[in-house]
Amino acid sequence: MDLPRAPRINPSILAADFVNLQADLARIATADFAHVDVMDNHFVPNLTFGPQMVERIQATSPIPLDVHLMITDPERWAPEYAEIGAASVTFHLEAAADPVTLARRLRDIGSRAGVAVKPGTPVDSLFDVLDEFDQILVMTVEPGFGGQSFMPETMPKLRSLADEARRRGSSVWLQVDGGISDSTIEYAAAAGADTFVAGSAVYGADDVEAAVTRLRDLARAGSLES
């Protein structure tokens, strides 16, 4: 699979119309990945998709899936999403017993392996193992629900990851998720993000394709300021 170059825009289908999901997936065909939030009502207080639904989304989506697991016991469940064929599977650092071993297992199956951190979780423990992951997701809202406001206090953490990645020559992708919009994406890009999850900023727009293009352009402009 030829993977897209940065900046990457991954619309969150949590903001899509679930009744017309196939049509809403088609509307984001010019984006880079479809971001799929899997929540179990344990790790976060919300319940969304399971493996069977994600498998159907995988079969329908015109672009690769970027699956974000907000679940307990990712060692048990994450490999199943990789086996379904998701291009990227991200689990939470806070939920994993052995993040590096799990990441290696996901890669062995054929998926990109990502690790996510909540706004209050330090990232220093990831510095020495950056290249064990293909992507690090810095949550810019508390995980669980869409439509929340961007938390600028998470940007120093993102900058520290970007600085460490540059220092080590790491090719890890740095993703942000939560409150990403026309007014925040440049800020996140300037702090080092290269992969952006946007829900209502895409699906709430009159022209979804134009929204994706605009966000990508704004992210590119922001990256020049970093």
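The structure under discussion appears in the preceding block.
Residues numbered from 1 in each chain as written. Predicted model: local features only at pLDDT ≥ 70, side-chain atom pairs only at ≥ 80, totals over all residues. Heavy atoms only, no water.

Enquirer: Just checking my understanding: could you explain the overall build of the protein chain for this structure?
Expert: The secondary structure content of the protein chain amounts to eight helices and eight strands. Taking 226 residues into account, the globule formula puts the C-alpha radius of gyration at 17 Å, and the protein chain, at 16 Å, falls close to it. In the protein chain, which comprises 226 residues, the proportion classed as buried is 56%. Total accessible area computed for the protein chain in this model is approximately 9,800 Å², and 47% of it derives from carbon and sulfur atoms. Charge separation in the protein chain, taken as the distance between the mean sites of 18 positive and 33 negative side-chain charges, equals 4 Å. (Helix = DSSP H or I, 4+ residues; strand = E, 2+ residues; numbered from the N terminus. Rg over C-alpha atoms; globule rule 2.2 N^0.38 Å. Buried < 20%, exposed > 50% of the residue type's maximum accessible area, 1.4 Å probe, protein only. Areas by Shrake-Rupley, 256 points an atom, 1.4 Å probe, with all protein chains shown as cover. Lys, Arg positive; Asp, Glu negative; His and termini not counted. Charge placed at Lys NZ, Arg CZ, Asp CG, Glu CD.)

Enquirer: Help me understand helix α5 (residues 155-168), please; the structure alone is not making it clear to me.
Expert: Residue pairs three or four apart in sequence face the same way in an α-helix, which turns once every 3.6 residues. Between its terminal C-alpha atoms α5 stretches 20 Å, which fits the 20 Å expected from 14 residues at 1.5 Å a residue. In this structure, the buried side of α5 is in contact with β5 (112-117), β6 (135-139), β7 (173-177) and α6 (185-190). Following α5 by one or two positions, Gly169 has its phi on the positive side, about 70 degrees. (Expected span 1.5 Å × (residues − 1). Contact = heavy atoms within 4.5 Å.)

Enquirer: How do you make sense of the sheet that holds strand β8 (residues 195-198) when you look at a structure like this?
Expert: Each strand in a sheet pairs with another by means of backbone hydrogen bonds, the pair being arranged parallel or else antiparallel. Strand order in this open sheet of eight strands is β1-β8-β7-β6-β5-β4-β3-β2, and the pairing throughout is parallel. Looking at which strands have only one partner, the edges of the open sheet turn out to be β1 (8-11) and β2 (34-39). Each strand axis lies, on average, 25 degrees off the axis of its neighbour in the sheet, ignoring direction. Pairing of strand β3 (residues 65-70) with strand β4 (residues 88-92), which is carried by three bridges, proceeds in the parallel orientation. By the bridge assignment, Val67 is partnered in β4 with Val89. Where helix α2 (residues 51-60) meets the sheet, it contacts β2 and β3, and its direction lies at approximately 165 degrees from that of β3. (Pairing = 2+ DSSP bridges. Axes fitted to C-alpha atoms, helices over the stretch in contact; angles between N-to-C directions.)

Enquirer: I'm lost on the side chain of Ser170 in this one. Help?
Expert: Residue placement: Ser170 occurs in the loop between α5 and β7. Filtering out sequence-adjacent residues up to four positions away, Ser170 remains in contact with Leu130, Asp131 and Ala165.

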